[in-house]
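Below are the chains, spelled out letter by letter.
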Amino acid sequence: CFGDDRTPLHDAAINGRHDFIRLLLPHTSNVDHVDSKGNTALGYAAMNGHMHAVALLLEGDANIEHQDSLRRTPLIFAAMNGYTSVMRVLLEQGKPNVDHADFDGRTALFVAAINGRVDAVRLLLHEFPCTKVDVDVVDADGDNAILVAVIRRNLQIFQMLLQHKADISFVN
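Let me begin by describing the structure that accompanies this report. (Residues numbered from 1 in each chain as written. Predicted model: local features only at pLDDT ≥ 70, side-chain atom pairs only at ≥ 80, totals over all residues. Heavy atoms only, no water.)

### Structural notes on helix H10 (residues 155-163)
- The complete set of buried residues in H10 reads Ile157, Met160 and Leu161. Along H10, the residues classed as buried sweep out an arc of 95 degrees about the axis, all on the same side. Turned more than 90 degrees from where H10 packs its buried face, Leu155 and Gln163 sit exposed.
- Where the residues of H10 are buried, they touch helix H7 (108-114), helix H8 (118-127) and helix H9 (145-151).
- Between the side-chain oxygen of the N-cap and the backbone nitrogen of Gln156 there are 3.4 Å, and the N-cap of H10 in question is Asn154.
- Looking at the residues trailing H10, positive phi occurs at Lys165, about 65 degrees. (Buried < 20%, exposed > 50% of the residue type's maximum accessible area, 1.4 Å probe, protein only. Helix = DSSP H or I, 4+ residues; strand = E, 2+ residues; numbered from the N terminus. Arc of directions from axis to C-beta. Contact = heavy atoms within 4.5 Å. Polar contact = N/O pair within 3.5 Å; in protein donor to acceptor, adjacent residues only side chain to side chain.)

### As for the packing of helix H4 (residues 51-59) against helix H6 (residues 84-94)
- Packing of H4 against H6 leaves a shortest axis separation of 9 Å and a crossing angle of 20 degrees. On the basis of the axis angle, H4 is roughly parallel to H6. The handedness of the crossing between H4 and H6 is right-handed. For the pair formed by H4 and H6, the contact residues are Met51, Val54, Ala55, Leu58 and Glu59 on the first element and Ser85, Val86, Val89, Leu90 and Gln93 on the second.
- Of the residues that constitute the contact of H4 with H6, the class distribution is seven nonpolar, two polar and one charged. (Axes fitted to C-alpha atoms, helices over the stretch in contact; angles between N-to-C directions. Parallel < 35°, antiparallel > 145°, perpendicular 65-115°, else oblique. Left-handed = near helix turned anticlockwise from the far one by under 90°. Nonpolar A, V, L, I, M, F, W, Y, C, P; charged D, E, K, R; others polar.)

### What to know about the side chain of Asp143
- Tracing the chain through its elements places Asp143 in the loop between H8 and H9.
- No salt bridge is formed by the buried Asp143; the nearest opposite charge belongs to Arg106, separated by 5.5 Å.
- If near-sequence neighbours (up to four positions away) are discounted, Asp143 is found in contact with Phe110, Val137, Val138, Val148, Phe170 and Asn172. (Lys, Arg positive; Asp, Glu negative; His and termini not counted. Salt bridge = Lys/Arg side-chain N within 4 Å of Asp/Glu carboxyl O.)

### Thoughts on the pattern of salt bridges
- All chains considered together, the criterion is met by eight salt bridges.
- In this structure, the salt-bridge partner of Asp4 is Arg6, at a minimum N-O distance of 3.4 Å.
- Exposure remark for Asp4: the relative accessible area of 16% places this residue in the buried category.
- Between Arg122 and Asp119 there is a salt bridge whose closest N-O contact spans 2.6 Å. Here Arg122 and its partner Asp119 are both found in helix H8, three residues apart, which amounts to about one turn of the helix.
- Assessed through its relative accessible area of 48%, Asp119 is described here as partly exposed.
- Among the charged side chains, a salt-bridge network with shared partners connects Asp4, Arg6 and Asp11.

Here's what the structure looks like:
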């Protein structure tokens, strides 16, 4: 009725209704159905911070690497919004590519840094030591995360990046 090509699973994910998701999954022919905005149910659950919905969708074999029309993945959505519980589920259950860059060349770490999501940066750098995150990714504007931390005056993020040997000699 809205012309956006969303399914009931999309709407359940948007609203964090894991009870509906649990009932819909066995009857859904395509858990990764893409709506007119390029999003899947997992992308919507991640961007809205619905940890239980994300976990159920991953159990239902949702594609953790799906990219929307701007090449953003569920991990990028969660990092952008600071949803560390969702990030944790994605990293524990799905093993996403942490260095995937969106249309603007920004990774999960980069979007967390640019949005001042200290806990998300901490999670990516400290809580998953087996996951090596590239701290020196340069986005389409020619910036990197440590430069963004300085510009945004975020000392905590700057210190974490410095501790992980981010390139302080970087020139934009």
